[in-house]
Amino acid sequence: MGTGMNIGADIGKSADPTAVIAVECYRPERLSPREPWPEVRHRIRWIERVPLGTDYPRVVDKIASIAETAQANGWGNVAIVLDSTGVGEPVKDMLRRRTSISLRAITFTGAEKATKVGPYDWNVPKRDLVCALEVVMQTRRVECVPDCPLQQDLNAELSTFDFSISDRGHASFEASSGNHDDLVLALALAVYWGERPDVGAAYVEFVRQRTAGREIHPDWR
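The structure presented is a predicted model; accordingly, all values stated were derived computationally and were not measured. (Residues numbered from 1 in each chain as written. Predicted model: local features only at pLDDT ≥ 70, side-chain atom pairs only at ≥ 80, totals over all residues. Heavy atoms only, no water.)

Section: the pairing of strand E3 (residues 41-50)
For the record, the criterion: Pairing between strands requires that DSSP locate at least two bridges from one strand to the other. A run of DSSP states H or I qualifies as a helix once it reaches four residues; a run of E qualifies as a strand once it reaches two. Both are numbered from the N-terminal end.
Relative to E3, strand E2 (residues 18-26) is paired through 9 bridges, and the arrangement is antiparallel. Counterpart to Ala19 in the pairing with E3 is Arg49. Both E3 and strand E8 (residues 142-144) contribute to a ladder of 3 bridges, which runs parallel. By the bridge assignment for E8, Ile44 is matched with Cys144.

Describing unusual backbone geometry
Note the cut-off: Partly exposed describes any residue whose relative accessible area lies between the buried limit of under 20% and the exposed limit of over 50%, with all areas from a 1.4 Å probe on protein chains only and scaled to the type maximum.
Despite not being glycine, Arg140 shows a phi value in the positive range, around 60 degrees. The topology assignment puts Arg140 in the loop between helix H3 (126-138) and E8. Taking relative accessible area as the criterion, Arg140 reaches 42% and is therefore assigned partly exposed. With phi around 65 degrees, Leu150 is a residue other than glycine that occupies positive phi space. Counting through the fold element by element, Leu150 comes out in the loop between E8 and helix H4 (151-160).

Quick word on the sheet that holds strand E5 (residues 102-109)
Spelled out, the test is: Inter-axis angles, ranging from 0 to 180 degrees, are taken between N-to-C directions of lines fitted to C-alpha atoms, where helices are fitted over the stretch in contact. In what follows, a contact means two residues having at least one pair of non-hydrogen atoms within 4.5 Å.
With respect to topology, 8 strands assemble into an open sheet ordered E6-E7-E5-E4-E1-E2-E3-E8, the strand pairing being mixed. At either end of the open sheet lies a strand with only one pairing partner, and these are strand E6 (115-118) and E8. Neighbouring strand axes in the sheet, compared pairwise and without regard to direction, differ in orientation by 30 degrees on average. Those strands touched by helix H2 (residues 88-98) are strand E4 (77-83), E5 and strand E7 (121-125), and its axis lies near 155 degrees from that of E4.

Below is the structure:
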């Protein structure tokens, strides 16, 4: 099947750097015409952190250059999937002026379902993004090329990222105290977009596994 590339970009706040992760999204070939198509897989090809204190124009240039390099290298359809929550809004506007690469802006909400609020803008429960990543990890559908930088940093974040559901069914997803989650969220943005339109089933599967007492493993390798 054809390939594409989703560039997940989590815009840094006061204590977290901006994280950019380039993820190839592909569907393997069937072994025979009688078999169903395999599920979509996600291959991490590049991980980068933009240092704290970098001004927004330089952040925009970095995100755009990563996406444009992916397109120039023939990675099929390339899309920037941006966290436009809060400070991400001006970054979104600058990116649209800076590059012609497709841009999908996602604002995190506490709503029950994702809604499209503009031609390329969505309000999405943070729960949906993280559950999509969790299910993909659980089913071993995310991998990383051997020479990708910052693999250990990502793995460390995944191991400390807290997935929890209260007795009332309220979902909570965040880094444990004193840890970062910028790389996890950048990866979740890319995976979420690659999983659409099936992402709605991810939360149901997440709850089913937790209800059954099944452990969720952070090791995505």
